[in-house]
Amino acid sequence: GRQLYSASHGLVPHLSPAHPADAVVRPLAESNDDPTGATSLGSLGLKRKLKVSDAIGGGDSDDYYQLNLTDAAALKLKLGRLHEDASLELLDANGNTVAESDNADNVGESIIQTLNPGTYLVHVASEEDGEGTGYRLQVATRKPIGSPWQAPTPEPTPEPTPTVVLPQEKDE
């Protein structure tokens, strides 16, 4: 019989005194890491402003915020106070990307988009391998600029065409 590789080393905890300082502190998975648990920012009419400060990175590379626009408005999103690169994305309630901003490094992100009333998601994401960063998200609404974003009309699913197998004529 072949000697199976013993995977025990490395998994057996050594009974050395714990050094809490060596522990890697990763943010615990928060409930707003995916769209279903988005943090609600409430309903916003025109000329409203709010700020959110939070952090992403490590095991928590996504934060989602949900907001409900009661009026057609130009939504201004600004992501700042970044120590590492992060990106900003605006989605509609069905998960369609309305607008996104992904500048290099920690210069910050901004989106200005005129929207119809409805529910929208703001997605803050950190780079896959980034150390993570604190951030400040500023949300403001003002009078609409230009025409509001329209959700893509879903293509009707084409009915599958029944495949008719024609009898092959034999080549004489």
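None of the values given here were measured: they were computed from a predicted structure.

K.L.:
Just to check I follow, could you spell out the overall build of the chain for this structure?
P.N.:
Of the regular secondary structure elements, the chain holds 0 helices and 9 strands. By the burial criterion, 33% of the 172 residues in the chain qualify as buried. Relative to all contacts within the chain whose residues are 6 or more apart in sequence, the contacts with residues 24 or more apart total 79%. If you sum the accessible surface of the chain, you get close to 12000 Å²; carbon and sulfur atoms cover 52% of it.

K.L.:
Can you help me understand the side chain of Ser-126 in this one?
P.N.:
Its place among the elements puts Ser-126 in strand S8 (residues 118-126). Those residues within four positions of Ser-126 in sequence are excluded, and the remaining contacts are Ile-56, Gly-57, Ser-61, Asp-85 and Ala-86.

K.L.:
Even after reading the chapter, I still don't get a positive patch on the surface, so can you show me in this structure?
P.N.:
On the surface, a cluster of positive charge is made up of Lys-49, Lys-51, Arg-81 and Arg-142. Structurally, Arg-142 can be placed in strand S9 (residues 133-142).

K.L.:
When you look at the nonpolar core in this model, what are you seeing that I'm missing?
P.N.:
Generally speaking, a soluble globular protein has its nonpolar side chains buried in company with each other. Grouped together as the largest cluster of nonpolar side chains are 26 residues, with contacts concentrated most on Leu-67, Leu-90, Leu-137 and Val-139. Ignoring anything within four residues of it in the chain, the contact list for Val-139 reads Leu-41, Leu-44, Arg-48, Lys-49, Leu-50, Leu-67, Leu-75, Lys-76 and Leu-77.

Rules behind the numbers
- Residues numbered from 1 in each chain as written.
- Predicted model: local features only at pLDDT ≥ 70, side-chain atom pairs only at ≥ 80, totals over all residues.
- Heavy atoms only, no water.
- Helix = DSSP H or I, 4+ residues; strand = E, 2+ residues; numbered from the N terminus.
- Buried < 20%, exposed > 50% of the residue type's maximum accessible area, 1.4 Å probe, protein only.
- Contact = heavy atoms within 4.5 Å.
- Areas by Shrake-Rupley, 256 points an atom, 1.4 Å probe, with all protein chains shown as cover.
- Patch = residues over 30% accessible without salt bridge, like charges linked within 9 Å, V, L, I, M, F, W, Y side chains within 5 Å.
- Salt bridge = Lys/Arg side-chain N within 4 Å of Asp/Glu carboxyl O.
- Lys, Arg positive; Asp, Glu negative; His and termini not counted.
- Charge placed at Lys NZ, Arg CZ, Asp CG, Glu CD.
- Core = buried A, V, L, I, M, F, W, Y, C linked by side-chain atoms within 4.5 Å.

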